[in-house]
Amino acid sequence: MQYSKLGRSGVEVSRVCLGSMTWGIQNTQQEADKQIEYALDQGINFIDTAELYPVPPSGDKYGDTERIIGNWLAANGSRRKDIILASKIAGPGLSYIRDGQKITGESVIQAVDASLQRLQTDYIDLFQLHWPNRVSPHFAKHWPGQVTFSKASASKETQQMLEILQALDDCVKAGKIRFCGLSDDTPWGINTYLKLSDQYALPRMVSIQNEFSLLHAKDWPYLIENCIQEDVAYLPWSPLAGGALSGKYLNNQRPQGSRWTLEQRNGIFRDTAATHAATAKYVDIAKAHQLNPAQLALAWCDQVDGVTSTIIGATNMQQLADNIQAFSTPLAEDVLDAIAGVFKEYPVPF
């Protein structure tokens, strides 16, 4: 297993981060336990979760993934030190999480305390803002005209960010969290937080996790350049585009229990003609080089300059083993050239 620095935190994290959003719906406590133990045995030290999980989110299941991790930690207390544990506070829009209100300083304190209780731990290594208070160009809102940036008030947004940072600072000083980061944000979001940190001597955002894959690489090059130059760790989530890049949804297939058979909060927005056309070509490349299509996509993600650690997920142990193996098999130049050809043909499939 290879490791990288988590931004300016100084912490070394594995190039593979174990995602957990299926635990509680697609995976049981026992299955999650096995995934954690297997991942640790493979050298993975980075686990990502969120108060929102499992996904698809619901008021009935809200917080269950953290509870599952907490149960494992309670039974394996001596191994807490082996894990860099990341969680997230949900942004606005869900009525069953703080009445759907925006993130405030007060809600940061509430969310940290609630996550600590569910996780049965004294501290969270990386506490992230799951999505910003303002509307951001994520979750299929990246097309021109989907977000009207000119209608936002920069001064109002900046004041909210300052309040959030001050609350995060309180949590750091109390020993409840070690570091903080962003998710589903933009260069303006990153840089505004960094300016506020410098101006008011507040904690620095050390990371950002955004969706990034062969089918959704809009963060390259501008946001990733920003991360490299400002030493902010870049953590891709959904590197298989919700499982699409495994090829399992081609030809209108919907394997039982798979992600696309479950109700989605934002709909199955990755399900487009271009997605299937691009995926079919990536699958052909994988087969031509005797590679697993999912491993091809994950290995490609890992070799992108600026990527710190890629968040993977699995619903069974074979998937998990295969996905982890992808990170020890660098792609040859002829494979990368073939991938680049398809990428140029389908740069924005969804």
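What counts, and at which threshold
Residues numbered from 1 in each chain as written. Predicted model: local features only at pLDDT ≥ 70, side-chain atom pairs only at ≥ 80, totals over all residues. Heavy atoms only, no water. Salt bridge = Lys/Arg side-chain N within 4 Å of Asp/Glu carboxyl O. Helix = DSSP H or I, 4+ residues; strand = E, 2+ residues; numbered from the N terminus. Buried < 20%, exposed > 50% of the residue type's maximum accessible area, 1.4 Å probe, protein only. Axes fitted to C-alpha atoms, helices over the stretch in contact; angles between N-to-C directions. Parallel < 35°, antiparallel > 145°, perpendicular 65-115°, else oblique. Left-handed = near helix turned anticlockwise from the far one by under 90°. Contact = heavy atoms within 4.5 Å. Nonpolar A, V, L, I, M, F, W, Y, C, P; charged D, E, K, R; others polar. Phe/Tyr/Trp six-rings, centres within 6.5 Å; stacked < 30°, edge-to-face > 60°. Lys NZ or Arg CZ within 6 Å of the ring centre and 35° of its normal.

Opposite charge on two side chains permits them to pair, given that their charged atoms come into close proximity. For the coordinates displayed, the defined rule picks out 18 salt bridges. We note a salt bridge from E51 to R98, for which the minimum N-O separation is 2.5 Å. Pair noted here: E51 is in the loop between β4 (46–48) and α2 (64–75) and R98 is in the loop between β5 (84–89) and α3 (105–119), with a separation of 47 residues, a long-range link. For R254, the salt bridge is made with D271, and the minimal N-O distance between the two is 2.9 Å. Placement of R254 in the loop between β9 (233–237) and α7 (273–288) and of D271 in the loop between β9 and α7 is noted, with a sequence separation of 17 residues between them. For D271, a relative accessible area of 32% corresponds to the partly exposed category. One salt-bridge network, held together by shared partners, links E51, E66, R98 and R118.

Before going further, it helps to examine the packing of helix α1 (residues 29–41) against helix α9 (residues 317–325). Where α1 meets α9, the closest approach of the two axes is 10 Å, and the angle between their N-to-C directions is 25°. Considered as vectors, α1 and α9 are oriented roughly parallel to each other. As for the relative orientation of α1 and α9, their crossing is right-handed in sense. Facing α1, whose interface residues are K34, Q35 and Y38, α9 presents M317, L320, A321 and I324. Among the residues forming the contact of α1 with α9, the class breakdown is five nonpolar, one polar and one charged.

Before going further, it helps to spend a moment on the packing of aromatic side chains. If you walk through the whole model with that rule in mind, you get six aromatic pairs. Between the aromatic rings of Y62 and Y96, the centroid separation amounts to 6.0 Å while the plane-to-plane angle is 55°, which identifies the pairing as tilted. Taken together, the positions of Y62 in the loop between β4 and α2 and Y96 in the loop between β5 and α3 put the pair 34 residues apart, joining distant regions of the chain. With centroids separated by 5.8 Å and ring planes inclined at 20°, the aromatic side chains of F212 and W300 adopt a geometry described as stacked. Highlighted residues: F212 in the loop between β8 (205–211) and α6 (222–230) and W300 in helix α8 (residues 293–303), separated in sequence by 88 residues. In this pair, the class of F212 matches that of W300, namely buried. In textbook terms, an aromatic cluster arises when at least three aromatic residues are bridged by ring pairs, as seen for F212, Y234, W300 and F343. Positioned above the aromatic ring of Y123, the side-chain terminus of R80 is 4.0 Å from the ring centre.

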